[in-house]
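# Structural features, examined
Take a look at the letters that make up each chain.
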Amino acid sequence: NAGVTQTPKFRILKIGQSMTLQCTQDMNHNYMYWYRQDPGMGLKLIYYSVGAGITDKGEVPNGYNVSRSTTEDFPLRLELAAPSQTSVYFCASSYSSYWSNQPQHFGDGTRLSIL
Amino acid sequence: DQQVKQNSPSLSVQEGRISILNCDYTNSMFDYFLWYKKYPAEGPTFLISISSIKDKNEDGRFTVFLNKSAKHLSLHIVPSQPGDSAVYFCAITGTASKLTFGTGTRLQVTL
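Residues numbered from 1 in each chain as written. Chains lettered and ligands numbered in written order. Predicted model: local features only at pLDDT ≥ 70, side-chain atom pairs only at ≥ 80, totals over all residues. Heavy atoms only, no water.

### Concerning the pattern of salt bridges
Once the charged atoms of two side chains with opposite charge are near each other, the side chains can pair. Residues and elements named next belong to chain A. Per the counting criterion, the structure on display carries 4 salt bridges over all chains. For Arg 36, the salt bridge goes to Asp 38, with nearest N and O atoms at 2.9 Å. When its relative accessible area of 11% is taken as the criterion, Arg 36 is described as buried. (Salt bridge = Lys/Arg side-chain N within 4 Å of Asp/Glu carboxyl O. Buried < 20%, exposed > 50% of the residue type's maximum accessible area, 1.4 Å probe, protein only.)

### Comments concerning the confidence of the model for chain A
Per-chain confidence: chain A averages 94 in pLDDT, with 96% of residues scoring 70 or above. Ranking the helices and strands of chain A by mean pLDDT puts strand 3 (residues 19-25) of chain A first, with 98, and strand 5 (residues 43-51) of chain A last, with 95. (pLDDT = per-residue confidence, 0-100. Helix = DSSP H or I, 4+ residues; strand = E, 2+ residues; numbered from the N terminus.)

### Regarding the environment of Ser113(A)
Residue and element names in this part refer to chain A. When you line up the elements, Ser 113 lands in strand 11 (residues 110-114). Along the primary structure Ser 113 and Lys 14 are separated by 99 residues, whereas in three dimensions their C-alpha atoms are 8.5 Å apart. Other than its neighbours up to four places away in sequence, Ser 113 contacts Arg 11, Ile 12, Leu 13 and Thr 86. (Contact = heavy atoms within 4.5 Å.)

### Section: the interface of chain B and chain A
At the junction of the two partners, chain B supplies 16 residues and chain A supplies 19 residues. Between chain B and chain A, a total of about 1,400 Å² is buried, with carbon and sulfur atoms accounting for 63% of that surface. On the chain B side of the contact with chain A, Ser97(B), Lys98(B) and Phe101(B) bury the most area, a combined 30% of that side's loss. At the junction of chain B with chain A, the criterion picks out 0 salt bridges. At 3 residues, strand 4 (residues 32-38) of chain B tops the list of elements feeding residues into the side of chain B that touches chain A. Split into classes, the residues belonging to the side of chain B that touches chain A amount to 9 nonpolar, 4 polar and 3 charged. (Buried area = accessible area lost by both parts, 1.4 Å probe. Nonpolar A, V, L, I, M, F, W, Y, C, P; charged D, E, K, R; others polar.)

### Comments concerning unusual backbone geometry
Residue Thr7(A) is joined to Pro8(A) through a cis peptide bond whose omega torsion reads -10 degrees. Here Pro8(A) shows up in the loop between strand 1 (4-7) and strand 2 (10-13). Of note, the bond from Val78(B) into Pro79(B) is cis; its omega dihedral lies within 30 degrees of zero at -10 degrees. Within the secondary structure, Pro79(B) is located in the loop between strand 8 (72-77) and strand 9 (86-93).

### Description of the side chain of Lys38(B)
With respect to the helices and strands, the residue Lys38(B) is situated in strand 4. Buried within the structure, Lys38(B) lacks any salt-bridge partner; its nearest side chain of opposite charge belongs to Glu42(B), at an N-O separation of 7.9 Å. Aside from chain neighbours lying at most four places away, what touches Lys38(B) is Gln37(A), Phe90(A), Gly43(B), Pro44(B), Ala86(B), Val87(B) and Phe89(B). (Lys, Arg positive; Asp, Glu negative; His and termini not counted.)

### Observations regarding the sheet that holds strand 8 (residues 76-78) of chain A
All names here are of chain A. Read from one edge of the open sheet, 4 strands run 1-3-8-7, paired in antiparallel fashion. The open sheet has two edge strands with one neighbour each: strand 1 and strand 7 (64-66). Averaged over all pairs of adjacent strands, the angle between their axes in this sheet comes to 20 degrees, without regard to strand direction. (Pairing = 2+ DSSP bridges. Axes fitted to C-alpha atoms, helices over the stretch in contact; angles between N-to-C directions.)

### Here's the deal with a nonpolar patch on the surface
There is a patch of nonpolar side chains on the surface, built from Ile18(B), Ile20(B) and Val78(B) and spanning about 220 Å² of accessible area. Mapping Val78(B) onto the fold places it in the loop between strand 8 and strand 9. (Patch = residues over 30% accessible without salt bridge, like charges linked within 9 Å, V, L, I, M, F, W, Y side chains within 5 Å. Areas by Shrake-Rupley, 256 points an atom, 1.4 Å probe, with all protein chains shown as cover.)

### Some thoughts on the pairing of strand 3 of chain A
Residues and elements named next belong to chain A. Going residue by residue along strand 3, you find Met 19, Leu 21, Cys 23 and Gln 25 tucked away on one face and Thr 20, Gln 22 and Thr 24 left uncovered on the opposite face. Where strand 1 meets strand 3, 4 bridges bridge the pair, whose relative direction is antiparallel. Looking at the pairing, Val 4 lines up with Gln 25 of strand 3. Where strand 3 lies against strand 8, 3 bridges are found, and the strand directions are antiparallel. Note on strand 8: the bridge partner recorded for Thr 20 is Arg 77.

Here you go:
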């Protein structure tokens, strides 16, 4: 029972490099989210998606891009890595409908350092 | 402007005693409140929630209380166990079920 799977678990990037953080879920959830958590802070929403082909900005979207071509996958792209993007990134998914909002399920995170 | 505040960064409680974690919010329009628990190197896991139409919700050792007039939310854990040691986040949900998190309270349950 995999749930939400994030890869890689750790990564070190140089300033200006690009990378994609992978996220996949096997629960057939329609909603998916990306958050970042900085030390001593709560999680902040970067981008979210309410279904395949639909994405929207969260609270802190600058420097990131997302796509949602399938229900299962929601990759997060960093185009030009900056030290301010050093953080732990969490992907989450949930099922929401007119009648029901289910709690979000989280992956175990990707710890990203940019030097 | 922080919409969700957890003013206690840490809390230490003896095993068997009650743990009370607090959370304040600013916007009275929010209608669903949640608590998540997080262990090191893991993602947050859902613990318990409460709708704004209720003032209390229980699930085993965990009870969440909502005081809408004070815009205050609290989580009670009775009795506290060593395995409860973790960081607890309160969160509020808005459109598209997006979550806004507090900064977390680190609970340590001592023997």
